[in-house]
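One letter stands for each residue in the lines below.
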Amino acid sequence: MTLIVSALVTLMVPGISRAQGNGAASVGNMNLNLKKAIEIALAENPTIRVADKDIQLKEIADKEAWQALLPSVSASISLSHSIQVAAIKTAMGEFKMGADGTTTATGGLTMTLPIYAPAVYQNMKMTKEDILLAQEKARSSRLDLINQVTKAYYAALLSKDSRDVIQRSYNVAKQNYEVVDKKFQVGKVSEYDKITAEVQMRSMGSSVTSAETGLTLALLRLKVLMGIKTDIDINITDSLKAYEKDLTLAKAEVNESELSNNTSVRQLDMSQNMLERSTKLLRTNFLPTVAMQLQGSYTSYSNDNWNVFKYKYSPASSLALSVTIPIFQASNWTKLKSNKIQIDQLADTRTNTMRQLSMAAQSYRKNMLTTITKLESDREAVRQADKAVTISAKRYDVGRGTILELNQSETALTQAELTYHQSIYDYLTNKADLDYTLGRE
């Protein structure tokens, strides 16, 4: 019995070390069920907020993409002082390009407007795909959190029910000891019976302590995943037996259409769409771009002082239409080839992922089928063990049985009840993993 409870405690500890840090939510004492636990976790767990902020960043990037089509405006101001200006020497004489020791002031405004920019158009479409991928990653975070909280909740139920079973067994052992002790005091039973009953009681007392520790750790992990303070008292009125009616048979085979909603598969499909869009973006390196530029400036030449407000300025303006045609750049072809290899890699990754997911889903379903088949036997074992306890107790009362038979029957009942609860827990956790694998929300 102690080994069983210790195993439960061992299962709880690694989960706590892998869970999220404590959240800031404080909700006081609460009665908790699975639906409420999931709702609180989705509202308070930091990983969900991080995923939502990632979507916001992608939406900002989408705005930046189409803003590249808006005109850009820049201004410039410059002062240039000529110490010695250059001269043009010709057969007709020497002509200086200004006067030595003078200052030239220039102020200008430039507006550039893209007319045809294929790279920008493809980049705008790529940011749309990136937003969808970020949304799917956020969905993946939610599904993963729901899966963890669900299994942590079931683990808490298993610890709670196991604690209750062991507590009941301890109470029975204590009652048996009190009865045996009274009989020993009047000389109706041997000291061996008293010692055996006392050992059974103390052993079950130790198991109760271990079961309480296991329940505390299970609730601690659940609190951490929910993102609430660990000093909040949680009262779970639920039990694993209440879920027995939900145990249903399911076919073991899994087809590809069932896995299409899996978050890993969806992310791979979206990544492939982005790589295909990236191919189109790379091909824009072979296309021309057209832009229009409007410039206006005021310039004052050959000033012999630094008072720019007294200079005489002359305006100038120009409108230019530029067409840039790429002729040859070797890296463009290399990038296309690299992109093609990445697409092929992603296709192979998807194939392998589908196989692994199919195997996992079939494993979960077969485990569920096995559990349902086993549960009927476990239920009957509990009924028979309970009957055996009643019979052994009556036999001991009339002096036809031994204390050893009584202890063995009680231990068998406790073991049968623990196995029964474990079977329901195994089904529920396999179903939770199956729902996660199939992308069910």
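It should be noted that the structure appears before, not after, this text.
The rules behind these values
Residues numbered from 1 in each chain as written. Predicted model: local features only at pLDDT ≥ 70, side-chain atom pairs only at ≥ 80, totals over all residues. Heavy atoms only, no water. Helix = DSSP H or I, 4+ residues; strand = E, 2+ residues; numbered from the N terminus. Buried < 20%, exposed > 50% of the residue type's maximum accessible area, 1.4 Å probe, protein only. Contact = heavy atoms within 4.5 Å. Areas by Shrake-Rupley, 256 points an atom, 1.4 Å probe, with all protein chains shown as cover. Axes fitted to C-alpha atoms, helices over the stretch in contact; angles between N-to-C directions. Parallel < 35°, antiparallel > 145°, perpendicular 65-115°, else oblique. Left-handed = near helix turned anticlockwise from the far one by under 90°. Nonpolar A, V, L, I, M, F, W, Y, C, P; charged D, E, K, R; others polar. Expected span 1.5 Å × (residues − 1). Phe/Tyr/Trp six-rings, centres within 6.5 Å; stacked < 30°, edge-to-face > 60°. Pairing = 2+ DSSP bridges. Core = buried A, V, L, I, M, F, W, Y, C linked by side-chain atoms within 4.5 Å. Salt bridge = Lys/Arg side-chain N within 4 Å of Asp/Glu carboxyl O.

1. Overview of the overall build of the protein chain
Working step 1: What the protein chain contains, in helices and strands, is nine helices and eight strands.
Working step 2: Over its C-alpha atoms, taken along the principal directions, the protein chain stretches across nearly 145 × 50 × 30 Å.
Working step 3: Residues counted as buried form 39% of the 441 residues belonging to the protein chain.
Working step 4: Within the protein chain, contacts between residues at least 6 apart in sequence are counted, and of these 84% link residues at least 24 apart.
Working step 5: If you sum the accessible surface of the protein chain, you get close to 25,200 Å²; carbon and sulfur atoms cover 56% of it.

2. Description of the packing of helix H8 (residues 330-397) against helix H9 (residues 403-437)
Working step 1: Direction vectors running N to C along H8 and H9 enclose 160°, while the axes themselves pass 7 Å from each other. By the angle between their axes, H8 is roughly antiparallel relative to H9. You can see that H8 and H9 cross each other, and the crossing is left-handed.
Working step 2: Broken down by class, the residue content of the contact of H8 with H9 amounts to 22 nonpolar, eight polar and 12 charged.

3. Here we look at helix H4 (residues 118-185)
Working step 1: A rise of 1.5 Å per residue sets the reference length of H4, with its 68 residues, at 100 Å; its end C-alpha atoms lie 100 Å apart and thus fit the reference within 8%.
Working step 2: Just downstream of H4 lies Gly187, where phi reads positive at about 80°.

4. Examining the packing of aromatic side chains
Working step 1: Applying the stated criterion across every chain yields a total of five aromatic pairs.
Working step 2: Ring centres 6.3 Å apart and planes at 45° place the aromatic pair Tyr311 and Tyr313 in the tilted group.
Working step 3: Taking the relative accessible area as the measure of exposure, Tyr313 reaches 38% and is therefore partly exposed.
Working step 4: Through successive ring pairs, a cluster of aromatic residues spans Tyr153, Tyr154 and Tyr243.

5. Thoughts on the environment of Arg163
Working step 1: Its place among the elements puts Arg163 in helix H4.
Working step 2: By relative accessible area, which is 18% here, Arg163 ends up buried.
Working step 3: Each C-alpha atom of the pair Arg163 and Ile228 lies 24 Å from the other, and the pair is 65 residues apart in sequence.
Working step 4: In this structure Arg163 touches Ala211, Glu212 and Leu215, once residues within four positions along its chain are discounted.

6. Brief notes about the sheet that holds strand E5 (residues 102-116)
Working definition: the strands of a sheet are paired by backbone hydrogen bonds and lie parallel or antiparallel to each other.
Working step 1: Strands sit in the order E2-E5-E7-E8 across an open sheet of four strands; the sheet is antiparallel. Each end of this open sheet is capped by a strand with a single partner; those strands are strand E2 (72-82) and strand E8 (314-324). If you compare each strand with its neighbour and ignore which way they point, the axes differ by 20° on average.
Working step 2: The pairing of E5 with strand E7 (residues 289-303) spans 12 bridges and is classified as antiparallel. When the bridges of E7 are listed, Ala105 appears paired with Ser300.

7. What about the packing of H4 against helix H7 (residues 263-283)?
Working step 1: At a closest axis distance of 9 Å, the pairing of H4 and H7 adopts a crossing angle of 170°. Comparing the axis directions of H4 and H7 gives the class roughly antiparallel.
Working step 2: Taken together, the residues of the contact of H4 with H7 break down into eight nonpolar, eight polar and nine charged.

8. Some remarks on the nonpolar core
Working step 1: Of all hydrophobic cores here, the largest spans 49 residues; its most connected members are Leu32, Met226 and Ile236.
Working step 2: Among the elements of the structure, strand E1 (30-32), helix H2 (34-44), H4, helix H5 (191-226), strand E6 (234-236), H8 and H9 are those that each provide at least two residues to this core.
Working step 3: Those residues in contact with Leu32 that lie beyond four places of it in its chain are Ala37, Ile40, Tyr153, Leu222, Met226, Ile234, Asn235, Ile236 and Thr237.
Working step 4: Listed in part, the 13 residues of the second largest apolar core include Tyr177, Ala197, Met201 and Ile403.

9. Section: the pattern of salt bridges
Working step 1: Applying the stated criterion across every chain, the model contains 23 salt bridges.
Working step 2: Arg202 is the salt-bridge partner of Glu198, the closest N and O atoms lying 3.0 Å from each other. Taken together, the residues span about one helical turn, with Glu198 and Arg202 both in helix H5 at a distance of four residues.
Working step 3: A relative accessible area of 22% means that Glu198 is categorised as partly exposed.
Working step 4: We classify Arg202 as exposed; its relative accessible area is 55%.
Working step 5: Measuring nitrogen to oxygen at the nearest pair gives 2.8 Å for the salt bridge that ties Glu258 to Arg365. Separated by 107 residues along the polypeptide, Glu258 in helix H6 (residues 256-259) and Arg365 in helix H8 bring together distant segments of the chain. Each member of the pair Glu258 and Arg365 is classed as buried.
Working step 6: Overlapping salt bridges bring together Lys160, Arg163, Asp164 and Glu212 as one network.

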